[in-house]
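A structural walkthrough
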Amino acid sequence: MRRFAIATGLILTMATCPFAQERTVKVRITAERFRFTPDEIKVHLGETIEFRLESDDTDHGFRIAGTDVDRIIPKRGRGSITVKFTPGKTGRYEFECSKLCGAGHDFMHGVLVVEE
């Protein structure tokens, strides 16, 4: 029983310790003319994705459906934003522009694929 408590404690410590090694995948995304580039990203479960987002034209939004990620990407020349996201399960996470940006706005989307 004592061994189990120690092992459980170690697992919890590793998961919550700020010094624990976590795998971060950095992805640069450019938003422009009704598309994200790249528009498909593949990662593994347990990885944190650090999105670096910039626009080549007007303001755009970046929302990952079903999550609390929803940010504005400033227009060209106004800088970029960084968004971190750690998926909790495998599957497909759709992302889209969440700020009306013109006639092709509804076509501006992509997918994050999380595999084992």
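Here is what the cut-offs are and how they apply
- Along each chain, residues carry numbers from 1 onward, in the same order as the chain's sequence is written.
- A pLDDT threshold of at least 70 governs which residues receive local features in this predicted model, and a stricter bar of 80 or more applies before side-chain atom pairs are shown or counted, although totals over entire chains, interfaces and linings include all residues.
- Just so you know, side-chain values use all the structure's heavy atoms and leave hydrogens and water out.
- Under the scheme used here, helices are H or I runs from DSSP no shorter than 4 residues and strands are E runs no shorter than 2 residues, and both carry numbers assigned from the N terminus.
- Relative accessibility thresholds used throughout: buried, under 20% of the residue-type maximum; exposed, over 50%; partly exposed, between the two (1.4 Å probe, protein chains only).
- Contact definition: two residues touch when any of their heavy atoms are within 4.5 Å.
- The accessible surface values rely on the Shrake-Rupley method and a 1.4 Å probe; as for residues, cover is taken only from the protein chains in view.
- Side-chain atoms within 4.5 Å are what join buried Ala, Val, Leu, Ile, Met, Phe, Trp, Tyr and Cys residues into a set we call a nonpolar core.

What about the overall build of the chain?
Check the secondary structure of the chain and you find 1 helix and 9 strands. Each helix and strand of the chain, ordered N terminal to C terminal, gives the series α-β-β-β-β-β-β-β-β-β. Looking at the chain residue by residue over its 116 residues, the buried ones come to 32%. For the chain, restricting intrachain contacts to residue pairs at least 6 apart in sequence, the fraction spanning at least 24 positions comes to 60%. About 7,900 Å² of surface is accessible on the chain, with carbon and sulfur atoms providing 52% of the total.

What about the nonpolar core?
Ranked by internal contacts, the top residues of the largest apolar core, which has 24 residues, are Ile 29, Phe 36, Phe 51, Phe 62 and Leu 112. Elements with a contribution of two residues or more to this core: β1 (24-32), β3 (40-44), β4 (48-55), β5 (60-64), β7 (81-85), β8 (91-96) and β9 (109-115). Leave out the neighbours within four places in its chain, and Phe 51 touches Val 27, Ile 29, Ile 41, Phe 62, Ile 64, Ile 81, Thr 82, Val 83, Phe 85 and Leu 112.

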